[in-house]
Amino acid sequence: MTGAPVQFVAKDAPDRQFLLDPDLVWHSLEHQWGSGHIITDRGAARWNRPDRQEVAPNSSVSHFLPSEQLALTVKRNVRKDKFIERYEFTNTGFHTTTVTSVGIQTPFADLYESAQQALQRSVHAHIFTGGAWAWVLTQPMSGTGPLLGLVLEEGELWGYSIESRNRNTSSNARGHIVLQVTDHARNPDAFGGQPALTLEPGQSLVLQWQLGWYGSVDEFLSATKPPAKLSAVSAPISQAITIATNLSVTSRTEALKITPSPEGAEVRSACPGTFTIDIGGSSRTEIAFHDPLAEVIKRRCAYILDHQRAAYRPGSLAHAFVPVDTATKLAQTTNGWSDWTDGSERIGMALLLQMAVRRSLIDPALDAALEGWAEFAVENLMDSTDAPRRGSQDHHTGARLYDAPWLAQFFLERYLHTGDTNHLHRAERILNRAFALGAQGFLAIHFSGTCVAVADALAAAGALEAAQQLRGQVIESAHHFAARGVQLPPHEVFYEQSIVAPLVCLFSDAYRLTGDHVFLEATRTALPWLLAFGGPQPHTRLYGVAIRHWDGYWFGLRRQWGDVFPHYWSALTAEALLGLPEELLNAGHESLAITILRANMSNYFPDGSATCAFIMPTAVDGVPAHTADPLANDQDWHLAMWLGMIDKFNLSD
């Protein structure tokens, strides 16, 4: 017995698991709630089993001796309707000790056993570690029901790390969340800097938080007593961000200009980037400023053409676009790794270039490169039946339904640019072949929207029967998923935001096509599932950005698991929100969509390079993180989607 809680149970939702089930094979004893580690200049240690314990009906005191020079006392009690925990580390030695890492295990049940299990039993853990301004909101994946909130009351949390992220847990579990008082020992620069803490003999380091139940996100945020309110967490460099606070607002970079304002402070930047701001000396967060969308696209397209074309290969293969190591500018070979192929998500580069050419954002003379890519795609990314292949060297993996709408999008854009109806009918055949392969029961990204767009183009070209066939198949698919409810099929990950966003889009598209209120109600039901993936953290990489924690491994060069913030597919939430039926759409949805799109601008750099994954935690399984992977790979979908939203929803940039 350790005195630590094994589960938090809400009266109104007794089946919901807010903490990981102890029976999970990878949820080992040393990861149970309140266990942890400490690193000092005199050694490192973990604690789990108390050396001594005092237990009363509504309280307990656990005593640990992690080392000869350090004592830890953990006090737990119930105060009104809140559960209070206090961690007190005391230097019991005769010498000054420097503490460089303290991590406390908080194993929230952020995992995907299946869509049904996730929606009925699991939670998303939205983490904000801004020093004294720190909290965790654990929200049911269904988006409904009681929320469990952890709010820091005393001390500081400057970061978080993740443990148990490897091939064993793979993509369906976020791992063990470890809240870090500091992680200076492993990653001193993470989250704007991790402090080294000095403890004199007899001196103590104290951390105290409370946990309680909340009926809404707004109720929880009010309980956190925020020291500041930001007008935005990201903005174009032409705009200012206002910070309402009665505390000082400072930054350690000369790039930011901070001036007093009636509300508190106004922050501007002369250059793009993400920047740490300090509030009152004990709290901080991160904001971002970005260049205009058109400029970012121009630079990115130039970089793709200069560094990501496989011009060294023979024949049509030379027209492919491939990942590149931005540190060396060396193109990455496939290496038998499906997420480094010249197809699949890399189609986004070709689509971005085609969209940019059609909108005169880049030199129309570059159209020759796109004609070459179209030839490459026909010869290498599809078989003779127009079924999609994952890449030119991945014939053995079979058809990949995810790729069908992406190929169809490219050929539709090609048709709209050239007027060549062969491209339009190619897009039509790709989609019909996908339906023949079972796409009506698969939630492929962009599928319903691409079908509707191709159908509209076919109708405008006089192919009314072909257009109606595509629309009818979209409606059939929507009926299929409306009948399934929470029993969504597993995809490459059992349950994820990039399953739910296409589901919301499918229902919205079907409602527009039919006016059938079955689809309106299905959209209304699924929308909270989608919104629950994104948290309310006042941080440019986090606010509204969907949790996704595997792409650094599958798509990156460093092959590192762990939370990716922001991930470009978070833009799917923006797309789904803007495409909602009028009965459900509100101004807050458009504001959130713009915030998500702006957050993803942090993945592109002034020279046109990019990163496929910024791994957020201070460390993952002990390996330093909080860094951008050097591989430019699949992130350009965000820019292509933003361009598409400008056209479709009259959205500004």
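Residues numbered from 1 in each chain as written. Predicted model: local features only at pLDDT ≥ 70, side-chain atom pairs only at ≥ 80, totals over all residues. Heavy atoms only, no water.

K.L.:
Help me understand the overall build of the protein chain in this model?
P.N.:
Check the secondary structure of the protein chain and you find 15 helices and 29 strands. The C-alpha atoms of the protein chain give 26 Å as radius of gyration, which agrees with the globular expectation for 653 residues (26 Å, within 12%). Along the first, second and third principal axes, the C-alpha set of the protein chain runs to 85 × 55 × 50 Å. Within the protein chain, the fraction of its 653 residues that count as buried is 61%. A total of about 24000 Å² of accessible surface is found on the protein chain, and carbon and sulfur atoms cover 51% of it. Taken as two groups, the 49 positive and 68 negative side-chain charges of the protein chain have centres that lie 3 Å from each other. (Helix = DSSP H or I, 4+ residues; strand = E, 2+ residues; numbered from the N terminus. Rg over C-alpha atoms; globule rule 2.2 N^0.38 Å. Buried < 20%, exposed > 50% of the residue type's maximum accessible area, 1.4 Å probe, protein only. Areas by Shrake-Rupley, 256 points an atom, 1.4 Å probe, with all protein chains shown as cover. Lys, Arg positive; Asp, Glu negative; His and termini not counted. Charge placed at Lys NZ, Arg CZ, Asp CG, Glu CD.)

K.L.:
Help me out: how do you make sense of the sheet that holds strand β24 (residues 330–331) in this one?
P.N.:
The pairing of strands in a sheet comes from backbone hydrogen bonds and takes either a parallel or an antiparallel form. One open sheet accounts for 3 strands, arranged β24-β23-β29; its pairing is antiparallel. Pairing within the sheet leaves two strands with one partner each, and these edge strands are β24 and β29 (631–632). (Pairing = 2+ DSSP bridges.)

K.L.:
What am I meant to see in the packing of helix α10 (residues 497–514) against helix α13 (residues 571–578) here?
P.N.:
At a minimum axis separation of 9 Å, α10 and α13 run at an interaxial angle of 15°. Considered as vectors, α10 and α13 are oriented roughly parallel to each other. Read as a crossing pair, α10 and α13 show a hand that is left-handed. Residues Gln 497, Ser 498, Ala 501, Val 504 and Cys 505 of α10 form the contact with α13, whose participating residues are Leu 572, Thr 573 and Ala 576. Of the residues assigned to the contact of α10 with α13, the class counts are 5 nonpolar, 3 polar and no charged. (Axes fitted to C-alpha atoms, helices over the stretch in contact; angles between N-to-C directions. Parallel < 35°, antiparallel > 145°, perpendicular 65-115°, else oblique. Left-handed = near helix turned anticlockwise from the far one by under 90°. Contact = heavy atoms within 4.5 Å. Nonpolar A, V, L, I, M, F, W, Y, C, P; charged D, E, K, R; others polar.)

K.L.:
Explanation requested: the sheet that holds strand β5 (residues 70–79) in the structure shown.
P.N.:
Read across the sheet, 8 strands follow the order β3-β4-β5-β6-β14-β10-β9-β8 without closing on themselves; strand pairing throughout is antiparallel. The sheet terminates laterally at β3 (52–56) and β8 (123–130), the two strands that pair on one side only. On average, each strand axis in the sheet is inclined to that of its neighbour by 15°, with strand direction left out of account. As paired elements, β8 and strand β9 (residues 133–140) share 8 bridges and run antiparallel to each other.

K.L.:
How should helix α4 (residues 347–358) be read in this particular structure?
P.N.:
Spacing of three or four residues puts side chains on the same side of an α-helix, whose turn is 3.6 residues. If you check α4, its first and last C-alpha atoms are 17 Å apart, about what 12 residues at 1.5 Å a residue would give, namely 16 Å. When you tally the buried positions in α4, you get 11 out of 12 residues, the bulk of the element. Restricting attention to buried positions, one finds in α4 the residues Ile 347, Gly 348, Met 349, Ala 350, Leu 351, Leu 352, Leu 353, Gln 354, Met 355, Ala 356 and Val 357. Those residues of α4 that are buried are in contact with α3 (293–307), α5 (367–380), α6 (403–418) and α15 (637–649). (Expected span 1.5 Å × (residues − 1).)

K.L.:
Can you walk me through unusual backbone geometry in this structure?
P.N.:
Across residues other than glycine, the phi torsion is negative in most instances, and most of the peptide bonds are trans. Each neighbour pair has its own omega, and for Phe 565 with Pro 566 the value is -10°, a cis peptide bond. Following the sequence through the fold, Pro 566 ends up in the loop between α12 (551–555) and α13. Despite not being glycine, Ser 344 shows a phi value in the positive range, around 50°. Its place among the elements puts Ser 344 in the loop between β24 and α4. On the basis of relative accessibility, which here comes to 0%, the residue Ser 344 falls in the buried class. Of note in this structure, His 626 is not a glycine but carries a positive phi near 45°.

K.L.:
Please explain the pattern of salt bridges as it appears in this structure.
P.N.:
Pairing is possible between side chains of opposite charge, provided their charged atoms come close. In this structure the tally under the stated criterion is 34 salt bridges. When the shortest N-O distance is used, the salt bridge between Asp 183 and Arg 186 registers 2.9 Å. When its relative accessible area of 0% is taken as the criterion, Asp 183 is described as buried. Taking the shortest distance from any N to any O, the salt bridge between Glu 371 and Arg 414 comes out at 2.5 Å. Of the two residues, Glu 371 is situated in helix α5 and Arg 414 in helix α6; the sequence distance between them amounts to 43 residues. Connected through shared salt-bridge partners, Asp 339, Glu 345, Arg 346, Arg 390, Arg 400, Asp 403 and Glu 492 make up one network. (Salt bridge = Lys/Arg side-chain N within 4 Å of Asp/Glu carboxyl O.)

K.L.:
Teacher, can you tell me more about the pairing of strand β2 (residues 43–47) here?
P.N.:
Regular strands place their side chains on alternate faces of the sheet. Relative to β2, strand β1 (residues 36–40) runs antiparallel, the two sharing 5 bridges. Bridged to Thr 40 within β2 is Gly 43. Between β1 and β2, which pair antiparallel and follow one another directly, the connecting turn spans 2 residues.

K.L.:
What am I meant to see in the side chain of Ser 570 here?
P.N.:
When you line up the elements, Ser 570 lands in the loop between α12 and α13. Assessed through its relative accessible area of 1%, Ser 570 is described here as buried. In terms of polar contacts, Ser 570 uses its side chain to reach the side chain of Asn 600, at 3.0 Å. (Polar contact = N/O pair within 3.5 Å; in protein donor to acceptor, adjacent residues only side chain to side chain.)

K.L.:
Help me understand the pairing of strand β21 (residues 273–279) in this model?
P.N.:
The buried fraction of β21 is high, at 5 of 7 residues. Pairing geometry for strand β18 (residues 249–250) and β21, over 2 bridges, is antiparallel. From the neighbouring strand, Val 249 faces β21, where its bridge partner is Ile 279. Alignment of β21 against strand β22 (residues 283–290), held across 7 bridges, turns out to be antiparallel. In the sheet register, Gly 273 faces β22, and the bridge partner there is Phe 289. Between β21 and β22, which pair antiparallel and follow one another directly, the connecting turn spans 3 residues, one of which, Gly 280, has a positive phi of 70°.

K.L.:
Is there a simple way to explain the packing of aromatic side chains in this structure?
P.N.:
Two measures describe an aromatic ring pair: the distance that separates the ring centres and the angle between the ring planes. Taken as a whole and assessed by the stated rule, the structure comprises 29 aromatic pairs. Note on Phe 275 and Phe 289: the rings are 6.4 Å apart at their centroids and 50° apart in plane angle, and the pair reads as tilted. Highlighted residues: Phe 275 in strand β21 and Phe 289 in strand β22, separated in sequence by 14 residues. Take Phe 275 and Phe 289: they sit in the same class, and that class is buried. Ring geometry for Tyr 402 against Trp 406: centres 6.5 Å apart, planes inclined by 25°, an arrangement best described as stacked. For the pair Tyr 402 and Trp 406, a shared accessibility class is recorded, and that class is buried. In textbook terms, an aromatic cluster arises when at least three aromatic residues are bridged by ring pairs, as seen for Tyr 402, Trp 406, Phe 442, Tyr 568, Trp 569 and Trp 637. Lying over the aromatic face of Phe 614, Arg 541 brings its terminal NZ or CZ to 3.6 Å of the ring centre. Between Arg 559 and the ring centre of Trp 340, over which it is positioned, the NZ or CZ distance is 4.5 Å. (Phe/Tyr/Trp six-rings, centres within 6.5 Å; stacked < 30°, edge-to-face > 60°. Lys NZ or Arg CZ within 6 Å of the ring centre and 35° of its normal.)

K.L.:
Is there a simple way to think about the side chain of Glu 163 in this case?
P.N.:
Inspection of the secondary structure puts Glu 163 in strand β11 (residues 159–163). Its relative accessible area of 7% is what places Glu 163 among the buried residues. For Glu 163, the side chain forms a polar contact with the side chain of Gln 105, separated by 3.0 Å. Apart from residues lying up to four places away in sequence, Glu 163 is in contact with His 31, His 37, Arg 46, Gln 105, Gly 175, His 176, Val 178 and Asp 621.

K.L.:
For this particular structure, what's the right way to read the environment of Phe 83?
P.N.:
For Phe 83, the position within the fold is in strand β6 (residues 82–91). In this structure, the C-alpha to C-alpha distance between Phe 83 and Leu 211, residues 128 residues apart in sequence, is 5.1 Å. Contact partners of Phe 83, with chain neighbours within four places excluded, come to Pro 5, Phe 8, Arg 76, Asn 77, Val 78, Trp 209, Gln 210 and Leu 211.

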